[in-house]
Amino acid sequence: MLQGIRANSGLQDWSEERWTELSATYYGMCRRTDHQFGLLLDALRDAGVYDDTAVLFFSDHGMYAGDYGVVGLTQNTFDDVITRVPVVLKPPAGTAVQPGVRNALVELVDLTATVEQLAALPDTHSHFGRSLMPLVAGDVDEHRDAVFAEGGRR
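Calculation notes
- Residue indices follow the written sequence of each chain, beginning from 1 at its first position.
- Given that the model is predicted, a residue must reach a pLDDT of at least 70 before its local features are reported, and side-chain atom pairs must reach 80 or more before they are shown or counted; all residues, however, enter totals for whole chains, interfaces and linings.
- The side-chain quantities take in all heavy atoms of the structure and omit both hydrogens and water.
- Strands here are runs of E lasting at least two residues and helices are runs of H or I lasting at least four, both read from the DSSP assignment and numbered beginning at the N terminus.
- What the globule rule says is 2.2 Å times the number of residues to the power 0.38, and the radius of gyration is computed from C-alpha atoms.
- What makes two residues a contact is simply this: any of their non-hydrogen atoms within 4.5 Å.
- Residue-level accessible areas treat just the shown protein chains as cover; the underlying method is Shrake-Rupley with a 1.4 Å probe.
- Charge convention: Lys and Arg are scored as positive, Asp and Glu as negative, and His as well as the terminal groups of each chain are ignored.
- By convention, the charge on Lys lies at NZ, on Arg at CZ, on Asp at CG and on Glu at CD.
- The salt bridge criterion pairs a side-chain nitrogen of Lys or Arg with a carboxyl oxygen of Asp or Glu, the two atoms within 4 Å.
- In this scheme, a residue with accessible area under 20% of its type's maximum is buried, one over 50% is exposed, and one in between is partly exposed, where area comes from a 1.4 Å probe on protein chains only.
- On a scale of 0 to 100, pLDDT captures the predictor's confidence in every residue.
- The length a helix should cover is 1.5 Å for every residue beyond the first.
- Each Phe, Tyr or Trp ring (for Trp, its six-membered ring) is paired with any other whose centre lies within 6.5 Å, and the angle between the two planes then decides the class: stacked below 30 degrees, edge-to-face above 60, tilted in between.

## Some points on the overall build of the chain
Along its length, the chain carries five helices and four strands. Scaling as 2.2 N^0.38, a compact globule of 154 residues should have a C-alpha radius of gyration of about 15 Å, whereas the chain reaches 19 Å, well beyond that. The long-range fraction of contacts in the chain, counting pairs at least 24 apart against all pairs at least 6 apart in sequence, stands at 62%. Surface exposure of the chain reaches about 10800 Å², of which carbon and sulfur atoms provide 52%. Looking at charge distribution, the chain has the averaged site of its 12 positive side-chain charges lying 3 Å from that of its 22 negative ones.

Encoded structure:
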């Protein structure tokens, strides 16, 4: 799949300088997102609600930024740069938490279950999400043994 995308993308003649510019632009966009996220956290602190607020920061996918000679988002490719997307979760004060980085496999559907648990909502519907709170508390190291992704083209 990636070989075909590379062959049809017209990027074969890009210079090292152009690839470096692409990477710098991508990392600059990531930096800007980090800055905006920091502004949001500062606003929560300024409003006096940071400690009482659950914060989740996530994306539905990554993108190629020159990885494998490909740029952008593609359909039906599942390399780590597309699927290994971090989740940041800060629970409200008083919630059991073991600060740190986890490498557990999670899915977007798990975020709904996590928010439901944090908000103490009754579990009144069928779903396949699993709350991330046992991971956050440090009670477990693994969450799922596999995760699933799907493409969008035939």
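## Regarding the pattern of salt bridges
Under the definition given, this model contains three salt bridges. The salt bridge partner of D42 is R45, with a shortest N-O separation of 3.3 Å. Remark: R45 and D42 occur in helix α2 (residues 16-46); sequence separation between them is three residues, near one turn of the helix. Using a relative accessible area of 38% as the deciding quantity, one classes D42 as partly exposed. The salt bridge involving D110 is made with R144; its shortest N-O contact spans 2.6 Å. In this pair, D110 is assigned in helix α4 (residues 108-118) and R144 in the segment after α5 (133-137), connecting sequence segments 34 residues apart. Each of the salt bridges in this network shares a partner with another, and the network as a whole consists of E107, D110 and R144.

## Notes on the confidence of the model for the chain
When pLDDT is averaged along the chain, the result is 92; 99% of the residues meet or exceed 70. Within the chain, helix α1 (residues 2-9) has the poorest average pLDDT of any element, 86, and α5 the best, 97.

## Some points on α2
If you check α2, its first and last C-alpha atoms are 45 Å apart, about what 31 residues at 1.5 Å a residue would give, namely 45 Å. Against β1 (55-57), β2 (64-65) and β3 (71-72) lie the buried residues of α2. Where α2 terminates, the next one or two residues include G48, which has phi positive at roughly 75 degrees.

## Considering unusual backbone geometry
Most of the time, phi is negative for any residue but glycine, and the peptide bond is trans. Even without being glycine, Y68 reaches a positive phi, approximately 60 degrees. Mapped onto the fold, Y68 is located in the loop between β2 and β3. With relative accessibility at 46%, the residue Y68 sits in the partly exposed group. Even without a glycine there, the phi angle at A120 is positive, about 55 degrees. Secondary-structure assignment places A120 in the loop between α4 and α5. For A120, a relative accessible area of 65% puts it in the exposed group.

## What to know about the packing of aromatic side chains
Counted by the stated rule, this structure contains four aromatic pairs. Ring geometry for W14 against W19: centres 4.7 Å apart, planes inclined by 50 degrees, an arrangement best described as tilted. With respect to burial, W14 and W19 carry one shared label: buried. Ring centres of F37 and F57 lie 4.4 Å apart, and the angle between their planes is 40 degrees; this geometry places the pair in the tilted category.

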